[in-house]
Amino acid sequence: MSLTNRSLVSTLDFTVGEQDKLLTLAEIIMKTPKEYRHLLDGRVMASLFFEPSTRTRLSFEAAALRLGGQVIGFSEASSSSAAKGESLSDTIRTVSQYADIIVIRHPKEGAAQIAAGASDVPVINAGDGGHEHPTQTLTDLLTIRSIKKHIDGLVVGCCGDLKFGRTVHSLVKNISRYKNVSFIFASPEELRMPRFLRTYLNDNGVMYTETDNMDDCIRHMDVLYMTRVQRERFFNEEDYIRLKDLFILDMNKLKNAKKDMCVLHPLPRVNEIAYEVDADERAAYFQQASCGVYARMALMSMLLEEV
Ligand code: NCD
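Note that the coordinates shown come from a computational prediction; the quantities given were computed from them, not determined experimentally.

J.: Explain the layout of surface pockets here, please?
T.: Unoccupied space between atoms shows up once a probe the size of one water molecule is rolled over them. Computed from the structure, the largest pocket encloses a volume of approximately 430 Å³. Around the largest pocket, the lining is made up of 21 residues, and of these Arg-105, Arg-166, Arg-228, Leu-267 and Pro-268 lie nearest the centre.

Below is the structure:
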């Protein structure tokens, strides 16, 4: 099925086949960007960010501009009519009269679903609360494909805040559809992968182990996905302070890892990866930021045009 005019709300909205096609297009755009610079001439992308962002918002805007499109929007809720009490669906219905595609980030889980229901144009979920972040997953998969050349069979370690981290939620759901992928979840007990995701993996026969000690298991990993402890989703600051520095990746920990393991992080990093790791060739998080633009270029091309 074509992706034209569809929305991307959940990471499972596209089949593995559709997604692989999208990732292949992203790789082609990465190699021959000039061929695509007029693809979205005359098209308008609205970027509606009700929650802070650097990479996601700017990479979407860069992606639209690099395809010849134009961008409207806001980067904080306080500058939109939401501050006057307008409902999300009214805002979206209005903006869909102005734009050809809408990118939304919102602090509430389920907001992107509501937006997609209210919109006359495709909606892309750029993060809804602690729920999902499907375009970060496309970015992650593109990075993994670029480095490892395949996704099937990988052992993927996820470390840090697995409870509130929407990037790991989307990644784990999505990547578990590939053959023989298994997971190692390393987190403090209080920040472990939510039950609904563990149930999802159990129901789909996907192997995973859980640990609160990364040292024991880093040597098995092909990919290590580090995450930030999500301060803004905690109910009290003391818990955040107690948990925030429990998992820090440094060169000492990395000594035990495979030579060809790759370290990913959706960024922003706070403290969870020591700066000394940046110089190690396994550090791939800035390459990942670059992949984000190409993944989003491919996504918007496919939602707006038959490519
Ligand atoms: C992530 C997010 O916003 O969920 N960042 C991003 O989109 N690159 C991760 C985070 O904020 O920790």
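J.: For this particular structure, what's the right way to read the sheet that holds strand β3 (residues 101–106)?
T.: The strands making up a sheet associate through hydrogen bonds between their backbones, and the pairing can be parallel or antiparallel. Strand order in this open sheet of four strands is β2-β1-β3-β4, and the pairing throughout is parallel. The sheet is open, and its two borders are formed by β2 (70–74) and β4 (123–128), each paired with just one other strand. Strand after strand, the sheet turns through a mean of 15° between neighbouring axes, direction not considered. Relative to β3, strand β1 (residues 44–49) runs parallel, the two sharing five bridges. Counterpart to Phe-49 in the pairing with β3 is Arg-105. Of the strands in this sheet, β1, β2, β3 and β4 touch helix α2 (residues 55–66), which is tilted by about 175° from β1.

J.: Is there a simple way to think about the pairing of strand β5 (residues 155–159) in this case?
T.: Consecutive residues of a regular strand have side chains that alternate between opposite faces of the sheet. Across the five residues that make up β5, a large majority, five, are buried. Both β5 and strand β6 (residues 182–186) contribute to a ladder of five bridges, which runs parallel. The partner of Val-156 across the bridge, within β6, is Phe-183. Between the parallel pair β5 and β6, the chain is carried across by helix α6 (residues 166–175), and the sense of this crossover is right-handed. Pairing analysis gives four bridges linking β5 to strand β8 (residues 223–226), with the strands arranged parallel.

J.: Whenever I open this one, the packing of aromatic side chains confuses me. Can you help?
T.: Remark: the centre distance and the inter-plane angle together describe each pair of aromatic rings, the angle taken between the planes. Scanning the model with the defined rule gives six aromatic pairs in all. Ring geometry for Phe-50 versus Phe-74: centroids 5.1 Å apart, planes at 85°, classification edge-to-face. Taken together, the positions of Phe-50 in the loop between β1 and α2 and Phe-74 in strand β2 put the pair 24 residues apart, joining distant regions of the chain. Geometrically, the ring pair formed by Phe-234 and Tyr-240 is edge-to-face, given 5.9 Å between the ring centres and 75° between the ring planes. With respect to class, Phe-234 is no different from Tyr-240; both count as buried.

J.: Teacher, can you tell me more about helix α10 (residues 285–304) here?
T.: The periodicity of an α-helix, 3.6 residues per turn, causes residues three or four places apart in sequence to face the same way. The end-to-end C-alpha distance of α10, which contains 20 residues, comes to 29 Å, matching closely the 28 Å that a straight helix rising 1.5 Å per residue would cover. Summarising burial for α10: 16 of the 20 residues are buried, a large majority.

J.: Even after reading the chapter, I still don't get the site of the ligand, so can you show me in this structure?
T.: Near the ligand, the surroundings consist of Thr-56, Arg-105, His-133, Gln-136, Arg-166, Thr-167, Arg-228, Gln-230, Pro-266, Leu-267 and Pro-268. Measuring from an oxygen atom of the ligand, one finds a side-chain N or O atom of Arg-105 at 3.1 Å. Here an oxygen atom of the ligand and a side-chain polar atom of Gln-230 are 2.8 Å apart. When the free accessible area of the ligand is taken as 320 Å², the share hidden by the protein chains comes to 94%. Among the detected pockets, the ligand sits in the largest pocket. Each residue belonging to the shell around the ligand can be placed in one class, and the counts come to three nonpolar, five polar and three charged.

J.: So what exactly am I meant to see when it comes to the pattern of salt bridges here?
T.: Opposite charge on two side chains lets them pair, provided their charged atoms get close. Tallying each qualifying case throughout the model produces 20 salt bridges. The shortest N-O distance in the salt bridge between Asp-278 and Arg-269 comes to 2.8 Å. Among the residues examined, Asp-278 registers a relative accessible area of 29% and is labelled partly exposed. By sharing partners, the salt bridges in this structure join Glu-189, Arg-192, Arg-198 and Glu-210 into a single network.

J.: Is there a simple way to explain the pairing of β6 in this structure?
T.: Among the five residues of β6, five are classified as buried, and the element is accordingly described as predominantly covered. Alternating residues of β6 divide into Ser-182, Ile-184 and Ala-186 and Phe-183 and Phe-185, and every residue in both groups is buried. Strand direction decides the pairing type here: β6 and strand β7 (residues 208–211), joined by four bridges, are parallel. Considered in β7, the bridge of Ala-186 is made with Thr-211. The handedness of the β6 to β7 crossover, carried by helix α7 (residues 195–203), is right-handed.

J.: Quick question: what am I supposed to make of α7 here?
T.: Among the residues of α7, those classed as buried are Leu-197, Arg-198 and Leu-201. Buried residues along α7 cover an arc of 100° about the axis, so they all sit on one side. More than 90 degrees from the buried face of α7, the exposed residues found are Arg-195 and Asp-203. Downstream of α7 by a residue or two, Gly-205 has a phi angle that is positive, lying close to 65°.

J.: Explain the side chain of Arg-228 here, please?
T.: Considering the arrangement of structural elements, one finds Arg-228 in the loop between β8 and α8 (237–243). A residue is classified by how much of its surface remains accessible, and Arg-228, at 16% relative accessible area, is buried. A polar contact is formed between the side chain of Arg-228 and the side chain of Glu-232, at a distance of 2.9 Å. Ignoring sequence-local partners within four residues, the contact set of Arg-228 consists of Asp-161, His-265, Pro-268, Val-270 and Glu-272.

Criteria and thresholds
Residues numbered from 1 in each chain as written. Predicted model: local features only at pLDDT ≥ 70, side-chain atom pairs only at ≥ 80, totals over all residues. Heavy atoms only, no water. 1 Å grid on protein atoms, 1.4 Å probe; cavity = no way out; pocket = protein on both sides within 12 Å on 5 of 7 lines; lining within 4 Å. Points joined across faces, edges and corners; volume = space filled by probe spheres on them. Pairing = 2+ DSSP bridges. Helix = DSSP H or I, 4+ residues; strand = E, 2+ residues; numbered from the N terminus. Axes fitted to C-alpha atoms, helices over the stretch in contact; angles between N-to-C directions. Contact = heavy atoms within 4.5 Å. Buried < 20%, exposed > 50% of the residue type's maximum accessible area, 1.4 Å probe, protein only. Right-handed = clockwise from strand over helix to strand, strands pointing away. Phe/Tyr/Trp six-rings, centres within 6.5 Å; stacked < 30°, edge-to-face > 60°. Expected span 1.5 Å × (residues − 1). Near = heavy atom within 4 Å. Polar contact = N/O pair within 3.5 Å; in protein donor to acceptor, adjacent residues only side chain to side chain. Areas by Shrake-Rupley, 256 points an atom, 1.4 Å probe, with all protein chains shown as cover. Sits in = over half its atoms within 2 Å of the grid points. Nonpolar A, V, L, I, M, F, W, Y, C, P; charged D, E, K, R; others polar. Salt bridge = Lys/Arg side-chain N within 4 Å of Asp/Glu carboxyl O. Arc of directions from axis to C-beta.

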